[in-house]
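The residues making up each chain are set out below.
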Amino acid sequence: MRLDLLPTPHGTVALVDLPDASVDSALAALAPEEQVLASGLSSVRRRELIAGRTALRALLAPELAHHPLLPDDRGAPVLPAGWVGSVSHKGTHAAAIVAPASDPRAHVGVDLEVAAPARQDIARWILTKREQETLADRGRGATLRFSIKEAIYKAVDPFVRRYVAFTEVELEVAEGVAYVSSELPLAIETTWREHGGFWLSTARAVGR
Ligand SMILES: CC(C)(COP(=O)(O)OP(=O)(O)OC[C@H]1O[C@@H](n2cnc3c(N)ncnc32)[C@H](O)[C@@H]1OP(=O)(O)O)[C@@H](O)C(=O)NCCC(=O)NCCS
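Residues numbered from 1 in each chain as written. Predicted model: local features only at pLDDT ≥ 70, side-chain atom pairs only at ≥ 80, totals over all residues. Heavy atoms only, no water.

Caption draft 1: Layout of the overall build of the protein. On a plain count of helices and strands, the protein comes out with six helices and nine strands. Rg of the C-alpha trace for the protein: 17 Å, near the compact-globule value of 17 Å for 208 residues, within the 12% margin. When the backbone C-alpha atoms are referred to their principal axes, the protein occupies close to 50 × 40 × 30 Å. Relative to its 208 residues, the protein shows a buried fraction of 47%. Partitioning the contacts of the protein with sequence separation of at least 6, the portion at a separation of at least 24 is 53%. When the accessible surface of the protein is split by element, carbon and sulfur atoms take 54% of a total near 10300 Å². Charge centroids of the protein, computed over 23 positive and 26 negative side chains, lie 3 Å from each other. (Helix = DSSP H or I, 4+ residues; strand = E, 2+ residues; numbered from the N terminus. Rg over C-alpha atoms; globule rule 2.2 N^0.38 Å. Buried < 20%, exposed > 50% of the residue type's maximum accessible area, 1.4 Å probe, protein only. Contact = heavy atoms within 4.5 Å. Areas by Shrake-Rupley, 256 points an atom, 1.4 Å probe, with all protein chains shown as cover. Lys, Arg positive; Asp, Glu negative; His and termini not counted. Charge placed at Lys NZ, Arg CZ, Asp CG, Glu CD.)

Caption draft 2: Representation of the site of the ligand within the structure. Among the 20 residues in the neighbourhood of the ligand, the closest are listed as Arg 53, Ser 88, His 89, Glu 150 and Lys 154. Here an oxygen atom of the ligand sits 2.5 Å away from a polar atom, N or O, in the side chain of Arg 53. Within the side chain of Ser 88, one N or O atom sits 2.7 Å away from an oxygen atom of the ligand. Protein chains shield 81% of the accessible area of the ligand, which is 930 Å² for the free molecule. Counting atoms within 2 Å of the grid points, the majority share of the ligand lands in the largest pocket. Elements with a contribution of two residues or more to the shell around the ligand: helix 3 (43–57), strand 3 (83–90) and helix 6 (140–160). Residue contributions to the shell around the ligand peak at five residues, all from helix 6. (Near = heavy atom within 4 Å. Polar contact = N/O pair within 3.5 Å; in protein donor to acceptor, adjacent residues only side chain to side chain. 1 Å grid on protein atoms, 1.4 Å probe; cavity = no way out; pocket = protein on both sides within 12 Å on 5 of 7 lines; lining within 4 Å. Sits in = over half its atoms within 2 Å of the grid points.)

Caption draft 3: Spotlight on the nonpolar core. Counting residues in hydrophobic clusters, the biggest one holds 21 residues, and the most contacted among them are Leu 18, Ile 50, Leu 56, Leu 79, Ala 96 and Val 98. For this core, the element with the highest residue contribution is helix 3, accounting for five residues. Apart from residues no more than four positions distant in its own chain, Leu 79 is found in contact with Leu 56, Leu 60, His 67, Leu 69, Val 84, Gly 85 and Val 98. Within the second largest apolar cluster, 18 residues are counted, among which are Ala 155, Leu 171, Trp 199 and Ala 203. (Core = buried A, V, L, I, M, F, W, Y, C linked by side-chain atoms within 4.5 Å.)

Caption draft 4: Broad picture of the packing of aromatic side chains. With the rule as written, the count across this model stands at four aromatic pairs. Pairing Phe 146 with Phe 166 gives two aromatic rings, centres 5.4 Å apart and planes at 15°, and the pair type is stacked. Placement of Phe 146 in helix 6 and of Phe 166 in the loop between helix 6 and strand 6 (169–174) is noted, with a sequence separation of 20 residues between them. Given a relative accessible area of 12%, Phe 166 falls into the buried group. Between Trp 192 and Trp 199 the ring centres are 5.8 Å apart and the planes differ by 80°, which places this aromatic pair in the edge-to-face class. Judged by relative accessible area, which is 14%, Trp 192 ranks as buried. Exposure remark for Trp 199: the relative accessible area of 4% places this residue in the buried category. By the ring-pair criterion, three or more aromatic residues cluster together here, those being Trp 125, Phe 146 and Phe 166. (Phe/Tyr/Trp six-rings, centres within 6.5 Å; stacked < 30°, edge-to-face > 60°.)

Caption draft 5: Fine view of the sheet that holds strand 4 (residues 93–100). With antiparallel pairing, four strands are arranged side by side in an open sheet as 1-2-4-3. The open sheet terminates on both sides in strands that have one partner only, identified here as strand 1 (2–8) and strand 3. In this sheet, neighbouring strand axes are inclined to one another by 15° on average, regardless of whether the strands run parallel or antiparallel. Together, strand 2 (11–17), strand 3 and strand 4 form the strand contacts of helix 3, whose direction differs from that of strand 4 by roughly 35°. (Pairing = 2+ DSSP bridges. Axes fitted to C-alpha atoms, helices over the stretch in contact; angles between N-to-C directions.)

Caption draft 6: Region of interest: unusual backbone geometry. Cis peptide bonds are those with omega within 30 degrees of zero, and the linkage from Asp 103 to Pro 104 qualifies with 5°. Relative to the elements of secondary structure, Pro 104 occurs in the loop between strand 4 and strand 5 (106–114). The residue Arg 161 is not glycine, and still its phi comes out positive at about 50°.

Caption draft 7: A look at a nonpolar patch on the surface. Where nonpolar side chains cluster on the molecular surface, the patch consists of Met 1, Leu 3 and Leu 5 and spans about 290 Å² of accessible area. Relative to the assigned elements, Leu 5 resides in strand 1. (Patch = residues over 30% accessible without salt bridge, like charges linked within 9 Å, V, L, I, M, F, W, Y side chains within 5 Å. Salt bridge = Lys/Arg side-chain N within 4 Å of Asp/Glu carboxyl O.)

If you want it as structure tokens, here you go:
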């Protein structure tokens, strides 16, 4: 198993690559409650859950290592008191971000996507008209925007607790960050980078 730790302005990101040979030992290192959760999943989802929990746990202090990281009623991972976090996976890879809970309350999101054009033209359904008009590269440019919006969704869902359509947020992408406009009652910051063939995006949302 490979583990990379990447600092971001929204918290440290752990990137895990969990090959087949390491899945069973990673499962054994999870909390018993997480192992029960994993046992009811398909093999693909099982590996995703194990890789994501392994990445989350890599960011927690040793005294919290046995805290079970279970999903809330919306599917987001619940961190130990005083912490917030988020997970994403792609194939054998998973990314997690953990940050101290702040006052005013903030939530963070992370997303991992292959940094290549999608098989279909996704620009039409994930971008606003204005974003489509100004986007020169509908291939990688579209998957980058998809990744940033997914990270945003994970940071805003704990506040709004509803599906947020991709066209409810508009991005102006600059080097390493994207400026966000939306009607949501939240201040939203994002970062992005290309890392090991993936788009890695983070988001932080705070009530305004
Ligand atoms: C939930 C969603 C973001 C997951 O994204 P995905 O690309 O399918 O999968 P990822 O691997 O990146 O992320 C999966 C993780 O998301 C997390 N997640 C699921 N529901 C969540 C929620 N409501 N809030 C925050 N995080 C959530 C979980 O940690 C899950 O992993 P786990 O089950 O192993 O813990 C996506 O399926 C979705 O429903 N999006 C809603 C629309 C949207 O993104 N709008 C963008 C505009 S803001």
